[in-house]
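Close look at the chain arrangement
Chain by chain, the residues run as shown.
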Amino acid sequence: WVKKNSVAKAGEIWSEYCSQRPWLAPTPGGEVSLFMIRHREMIVDAAVAASLGDCFDDENTADEALREVIQVLLEWDVYFDQSSEEETAQPLSESGLRMALFAAEEM
């Protein structure tokens, strides 16, 4: 679906979906960010425990990585705008990428 449709189309669908649901964030990335913020301590603790020191040395490192992921999700339209010819720089550090992968696999 994503390959056939633009991010703009996905944004239109989300806007229509949340127009009658005022409790939802205005973007899908915003909605996921809200979930992550609400469950931040659980996510950080689980990431530290699962990494056994390989990815995240402590809670501070995992927390910083989670904040990076949340920032990218909040700027959803910037990083996932396929209409732009301009190449977007990698928005996440190595630990941010590991946190994003952890969240995608575990949540």
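Cut-offs used in this document
Residues numbered from 1 in each chain as written. Predicted model: local features only at pLDDT ≥ 70, side-chain atom pairs only at ≥ 80, totals over all residues. Heavy atoms only, no water. Axes fitted to C-alpha atoms, helices over the stretch in contact; angles between N-to-C directions. Helix = DSSP H or I, 4+ residues; strand = E, 2+ residues; numbered from the N terminus. Parallel < 35°, antiparallel > 145°, perpendicular 65-115°, else oblique. Contact = heavy atoms within 4.5 Å. Nonpolar A, V, L, I, M, F, W, Y, C, P; charged D, E, K, R; others polar. pLDDT = per-residue confidence, 0-100. 1 Å grid on protein atoms, 1.4 Å probe; cavity = no way out; pocket = protein on both sides within 12 Å on 5 of 7 lines; lining within 4 Å. Points joined across faces, edges and corners; volume = space filled by probe spheres on them. Phe/Tyr/Trp six-rings, centres within 6.5 Å; stacked < 30°, edge-to-face > 60°. Lys NZ or Arg CZ within 6 Å of the ring centre and 35° of its normal. Polar contact = N/O pair within 3.5 Å; in protein donor to acceptor, adjacent residues only side chain to side chain. Core = buried A, V, L, I, M, F, W, Y, C linked by side-chain atoms within 4.5 Å. Buried < 20%, exposed > 50% of the residue type's maximum accessible area, 1.4 Å probe, protein only.

Between helix H4 (residues 59-74) and helix H6 (residues 94-106), the shortest axis-to-axis distance is 8 Å and the interhelical angle comes to 80 degrees. The pairing of H4 with H6 is recorded here as roughly perpendicular in orientation. Taking contact as the criterion, the partners of Ala62, Ala65, Leu66, Glu68 and Val69 in H4 are, on H6, Ser95, Gly96, Met99 and Ala100. Taken together, the residues that form the contact of H4 with H6 break down as six nonpolar, two polar and one charged.

This next bit is on the confidence of the model for the chain. Mean pLDDT for the chain: 84, with 80% of residues reaching 70 or above. By mean pLDDT, helix H5 (residues 76-79) is the weakest element of the chain at 67, and H4 is the strongest at 94.

By volume, the largest pocket amounts to about 160 Å³. Tallied by class, the residues present in the lining of the largest pocket amount to 10 nonpolar, no polar and no charged.

Considering all chains together, one arrives at one aromatic pair under this definition. Ring geometry for Trp14 against Tyr17: centres 5.5 Å apart, planes inclined by 45 degrees, an arrangement best described as tilted. Residue Trp14 and its partner Tyr17 are both found in helix H1 (residues 7-19); the two are separated by three residues, about one turn of the helix. The ring centre of Tyr17 lies 3.9 Å from the NZ or CZ of Arg21, which sits over that ring.

Another aspect to go through is the side chain of Asp63. Mapped onto the secondary structure, Asp63 falls in helix H4. Polar contacts involving the side chain of Asp63 include one to the side chain of Arg67, which spans 2.7 Å. Once residues lying within four places of it in the same chain are set aside, the contact partners of Asp63 are Arg40 and Val44.

So, about the nonpolar core. Residues Met36, Ile43, Phe56, Leu66, Val69 and Met99 are the most contacted members of the largest nonpolar core, which totals 16 residues. Sorting elements by how many residues they give to this core places H4 first, with seven residues. Ignoring anything within four residues of it in the chain, the contact list for Met36 reads Ile43, Leu66, Val69, Ile70, Leu73, Ala103 and Met107.

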